[in-house]
Amino acid sequence: MPIVQVKNVTKIFREDSQAVSALSSVSVEIKEGAFVALSGPSGSGKTTLLNLIGCLDRPTEGSIHLDGEEISQLSQGKLAQLRLKKIGFIFQDYNLIPAFTAIENIEYVLWLQGISPSERRKRAIEICERFSIQKLIDRRPYEMSRGQQQRVAVARAIVHKPRVVLGDELTANLDHKTGIELMQFLKELNQKENITFLYATHDPVMIQQANRVITLQDGKITNEKAAFSKTI
Amino acid sequence: MFLFKLAFLNIGRNPRRSIITVLAVGVGLAALIFLWGFSDGTNEQMRENVIRLLTGHIQIHALDFQKTLSPELTVPDRSAILEKIKSLPHVQAVTERAKCEALIGTSEKSRGVLLTGIDPTREIQVTDLKNHMKEGEFLSQTDSRKVIIGDRLAEKIQLHVGDKAVVMTQAMDGTLSGYAYEVKGIFHTGSQPIDEVSAYITLRSAQELLGLDDATHEIVVRLTGRKAIPLFLSQMKAVITSDQYEILTWNQIIPEVEQWVQWSEAIIRTILLAVMVVIGVSIMNTVLMSVFERTRELGVMMAIGTTPGQVIRLILLETFILELFGIALGLVAGYLVTFYFGQVGIGFPELERAFSRSYMSTITYTRVEPFHVVQSIITLFIMTSFIGLYPAWKAGRMEPIKAIYRP
């Protein structure tokens, strides 16, 4: 069974009484453990599709199933719970909580899950060690470089062992080398822990890292291919 | 705990704005505590002025005497009543008076007065009129045909110490009775109702003038304090079962004082409400600004699983923390300022004439009344928290998608 199932999804935004179609009858299925890139030019609907799959928005038409659960009609509270349990987000601007240190940012998600303080700290330190950011744990976001912040953001996104990690232009603010390193790191996680990754990008180098590429244009899937001969 | 920590850290992110908000709450509360302290001090002095200068805590008369001042309405069985009162707890002193409406004057001018016959030795244990002598001396037990009058009365009928004044009234038997009295002293209490229309002679002289023999019109009781009044009244009901008496408390005799107190407290409550709204709006503005500034951040928090309820709790916590700091500051500052002016007093000598109409003193000693302090704090907390619900509710209703991509 696919971990993500999008069926005939249409998303229309209303701006100044004008309807703008961001997605039009999009259907796609993503299997567990996939490493998928969403590509396409700006305004093609990549971010809209990510937001819908990530339970941040609701489709105008169609249905979305995440891990077997229909999510398009859930309340904000239920969606928040679903995001907490099953989804990890990596944002373009990292979006760490500025008041918290690196380790507090990571622990925050575990706190939301109701995990005890000692267990929280243990798991947060473990992941910091895996990401080689243990020296940064007491630093606040403004005391870290972009690459360091992005690593903390990735640690925050996966510390609670989500089923799907979504990333929106997650290397856009990084230099080329750091971007490649990050993608390789995520791929390693994908392979070792079978976490499903879905990320939007229009950077050809990042697209090449994916096992599967879904191309969107004007709100429609125009092309879909396996980037490499690996199983998707 | 994590949310509390985040709330705390968020407050520290804009220290200047947080300090201004805490100051707004603190100064507002301190002002309220001081205002209540001023009002409570003034009101307390008014009450005590009336009790110490005029009424004592309790007066016992023959029924309807207070209303009619009829000379024949003397206290029935007064000796027995006196003995019983003296045996009750919380009774500090008891005295008796004879009282009537009279005309006092010289050959040129005269005025209507409330003439009171007092037992000087016992009177000074109940009231402190003796401490207010401006000229001459207070009455003594052996004085006969001597009178003391208020300075305003003396001024109006141009009487001086040593002058002779004629006092005329209706005696108990209905005949007109009058004697010439020497002005032994002139007092100044600062209260117009006393200084302008009161004259005092000895009880014996009054009994002679009114033909009362040894009867009196009034038993005046001084208790250990106003708090003892309810207990005393309940005990008196057991002592005096007859309906020939009226037992009046000081505020039944001079009801204007409590009416003034209620009026002044109503004004303060109105001010309190206005101050609360200003403080509340200030807090709401701060928190709302903070929410708007952090829209994207709150959106991200919601995106990673923070529920709307948790966001509401976070914003409310930030509001509470600001309030609590402000309340602590206001409590300390308000208490210190009120305590200080409770020691040194605030003088209004130029307002003496205005104040004297309502038994007010020209120096007000502010007073910290715990009930009003607690009431101010609780009202402030509830009001500002209620107003603070709006930004919290607004934050909780944000859609993460709109918050994250807000331009």
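Structure: see above.
None of the values given here were measured: they were computed from a predicted structure.

So, how was this worked out
- Residues numbered from 1 in each chain as written.
- Chains lettered and ligands numbered in written order.
- Predicted model: local features only at pLDDT ≥ 70, side-chain atom pairs only at ≥ 80, totals over all residues.
- Helix = DSSP H or I, 4+ residues; strand = E, 2+ residues; numbered from the N terminus.
- Rg over C-alpha atoms; globule rule 2.2 N^0.38 Å.
- Buried ≥ 20, exposed ≤ 12 C-beta atoms within 10 Å, placed from the backbone.
- Axes fitted to C-alpha atoms, helices over the stretch in contact; angles between N-to-C directions.
- Parallel < 35°, antiparallel > 145°, perpendicular 65-115°, else oblique.
- Left-handed = near helix turned anticlockwise from the far one by under 90°.
- Contact = placed C-beta atoms within 7 Å.
- Nonpolar A, V, L, I, M, F, W, Y, C, P; charged D, E, K, R; others polar.
- Pairing = 2+ DSSP bridges.
- Core = buried A, V, L, I, M, F, W, Y, C linked by C-beta atoms within 7 Å.

Caption draft 1: Quick look at the overall build of chain B. Assigned secondary structure in chain B consists of 16 helices and 12 strands. Since a compact globule built from 407 residues should have a radius of gyration of about 22 Å, the 31 Å found for chain B marks it as more spread out than a globular shape. Each of the three principal axes of chain B carries a C-alpha extent, and together these read 100 × 45 × 30 Å. A total of 407 residues make up chain B; the buried ones form 43% of that total.

Caption draft 2: Structural view of the packing of helix 3 (residues 102-112) of chain A against helix 5 (residues 146-158) of chain A. Residue and element names in this part refer to chain A. Between helix 3 and helix 5, the least distance of the axes is 8 Å, while the angle of their chain directions is 20°. With respect to each other, helix 3 and helix 5 are oriented roughly parallel. In the packing of helix 3 onto helix 5, the handedness of the crossing is right-handed. Between helix 3 and helix 5, the residues in contact are A102, N105, I106 and V109 and V152, A155 and R156, respectively. In the contact of helix 3 with helix 5, the residues fall into five nonpolar, one polar and one charged.

Caption draft 3: Here's a closer look at the sheet that holds strand 2 (residues 18-30) of chain A. Residues and elements named next belong to chain A. With antiparallel pairing, the four strands of this open sheet are ordered in space as 2-1-4-5. Each edge of the open sheet carries a strand with a single partner, namely strand 2 and strand 5 (69-70). Two elements, strand 4 (residues 61-66) and strand 5, share two bridges in a ladder whose sense is antiparallel. Looking at strand 5, one finds that L66 is bridged to E69. Contacts from helix 1 (residues 46-53) reach strand 1 (4-15), strand 2 and strand 4 within the one sheet, and its direction differs from that of strand 1 by about 120°.

Caption draft 4: View of the environment of V166 of chain B. Residue and element names in this part refer to chain B. Along the chain, V166 falls in strand 6 (residues 164-170). For V166, a count of 15 C-beta atoms within 10 Å corresponds to the partly exposed category. Sequence separation between V166 and S110 is 56 residues; the distance between their C-alpha atoms is 8.8 Å. Residues in contact with V166, not counting those within four places in the same chain, are G105, G178 and A180.

Caption draft 5: Representation of the nonpolar core within the structure. Counting 116 residues, the largest nonpolar core has V36, L38, I53, I106, A155 and L198 of chain A as the members making the most contacts within it. The dominant element in this core, judged by the number of residues it contributes, is helix 2 (residues 15-55) of chain B, at 11 residues. Setting aside its immediate chain neighbours within four residues, V36 of chain A contacts I30, F197, L198, A210, N211, R212 and I214 of chain A.

Caption draft 6: Structural view of the pairing of strand 6 of chain B. All names here are of chain B. Alignment of strand 2 (residues 91-105) against strand 6, held across four bridges, turns out to be antiparallel. Its bridge partner lying in strand 6, A102 is registered against T169. Alignment of strand 6 against strand 7 (residues 176-187), held across seven bridges, turns out to be antiparallel. Its bridge partner lying in strand 7, K164 is registered against E182. Taking the residues between adjacent antiparallel strands as the criterion, strand 6 and strand 7 are bridged by five residues, where G174 takes a positive phi near 95°.

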